[in-house]
Amino acid sequence: GGFDAEVVRLSGKLVDAAIELHRLVMNNFLPSAVKFHYQFNLREMSNIIGGMCRMTKDVYRNPVQAARLWVHECERVFRDRMVNDTDMGKFDEFRSQVTKKYFEDLPGGLGAVEERPLLFTSFMQSSPDDTPLYAPVPTYESLKKALEDKLNEYNETNAVMDLVLFQQAMEHVTRISRIIDQPR
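Quick summary incoming for the structure in this document. (Residues numbered from 1 in each chain as written. Predicted model: local features only at pLDDT ≥ 70, side-chain atom pairs only at ≥ 80, totals over all residues. Heavy atoms only, no water.)

1. Digging into the pattern of salt bridges
Applying the stated criterion to the full structure yields 14 salt bridges. For the salt bridge of E20 with K101, the shortest nitrogen-to-oxygen distance reads 2.9 Å. With E20 in helix α1 (residues 5-28) and K101 in helix α4 (residues 85-103), this pair connects stretches of sequence that are 81 residues apart. Using a relative accessible area of 21% as the deciding quantity, one classes E20 as partly exposed. Among the residues examined, K101 registers a relative accessible area of 56% and is labelled exposed. (Salt bridge = Lys/Arg side-chain N within 4 Å of Asp/Glu carboxyl O. Helix = DSSP H or I, 4+ residues; strand = E, 2+ residues; numbered from the N terminus. Buried < 20%, exposed > 50% of the residue type's maximum accessible area, 1.4 Å probe, protein only.)

Next comes the structure, spelled out in structure tokens:
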């Protein structure tokens, strides 16, 4: 028993979309004195596919969830490296084009794939044997509650941290958690 057949059938599109987006980013975001880190190579492809490999059959039961994870991983790998709003906007256009080309025929269309919040984390959901599951964040409210619970747990045994968890801060926590959780 692996993934549902619909999710398996989407695998080729996920790879093709990643290759196409990678090519667009690599050819349009060139390094400069200020953007010296705009050097895109196979490491980015590996990071996208590595994020996709964190899918589990129990969480990702339909192709929309897999496509949403693909969008999330592409935004983390590429968009988070952009240095200004112009480059982020240009990347968003490329990503939207590729998403439309490969995933607009999924149930619910692009609206289902692009629905926000588009965040995934492994600290909100666990398997029956307590293995963390890399899963979508359903709402910002549920993310805030999970982070507040973790913060309260931390504060019970350490010096108290009184953090304000606004939306951008919560998004950054999910990004940091993603990086820390990645296998080396």
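2. Brief notes about unusual backbone geometry
Glycine aside, a negative phi is what most residues show, and trans is what most peptide bonds show. Following R116, the chain continues into P117 via a peptide bond in cis, with omega recorded as 5°. Here P117 lies in the loop between α5 (109-114) and β1 (120-121). A positive phi angle, close to 70°, is found at D130, a residue other than glycine.

3. Re the packing of aromatic side chains
Going through the model one piece at a time under the given rule, you end up with nine aromatic pairs. Through a chain of ring-to-ring contacts, the aromatic side chains of F29, Y38, F40, F78, F91 and F94 assemble into a single cluster. Stacked on the ring of Y134, the Lys or Arg R54 has its end atom at 3.9 Å from the ring centre. Here K90 stacks its cationic end above the ring of F29, 5.4 Å away from the centre of that ring. (Phe/Tyr/Trp six-rings, centres within 6.5 Å; stacked < 30°, edge-to-face > 60°. Lys NZ or Arg CZ within 6 Å of the ring centre and 35° of its normal.)

4. Thoughts on the packing of helix α2 (residues 42-52) against helix α3 (residues 63-77)
One can describe the packing of α2 onto α3 by two numbers: an axis separation of 9 Å at closest approach and a directional angle of 145°. Note on packing geometry: the crossing formed by α2 with α3 is right-handed. Residues E44, N47, I48, G51 and M52 of α2 pack against A66, L69, W70, E73, C74 and V77 of α3. Residue composition of the contact of α2 with α3, grouped by class: seven nonpolar, two polar and two charged. (Axes fitted to C-alpha atoms, helices over the stretch in contact; angles between N-to-C directions. Left-handed = near helix turned anticlockwise from the far one by under 90°. Contact = heavy atoms within 4.5 Å. Nonpolar A, V, L, I, M, F, W, Y, C, P; charged D, E, K, R; others polar.)

5. With respect to α2
Residues of α2 that are buried: E44, M45, I48, G51 and M52. Taken around the axis of α2, the buried residues stretch over an arc of 130°, which confines them to a single face. In α2, the exposed positions angled more than 90 degrees off the buried face are occupied by L42 and R43. In this structure, the buried residues of α2 make contact with α1 and α3. Structurally, the start of α2 carries an N-cap: the backbone nitrogen of R43 is 2.8 Å from a side-chain oxygen of N41. (Arc of directions from axis to C-beta. Polar contact = N/O pair within 3.5 Å; in protein donor to acceptor, adjacent residues only side chain to side chain.)

6. Here we look at the packing of α1 against α2
Packed helix pairs are characterised by how far apart their axes lie and by the angle those axes make with each other. Direction vectors running N to C along α1 and α2 enclose 150°, while the axes themselves pass 10 Å from each other. In terms of their interaxial angle, α1 and α2 are classed as roughly antiparallel. Between α1 and α2 lies a crossing whose hand is right-handed. Of α2, the residues touching α1 (which contributes L14, A18, I19 and H22) are L42, E44, M45, I48 and M52. (Parallel < 35°, antiparallel > 145°, perpendicular 65-115°, else oblique.)

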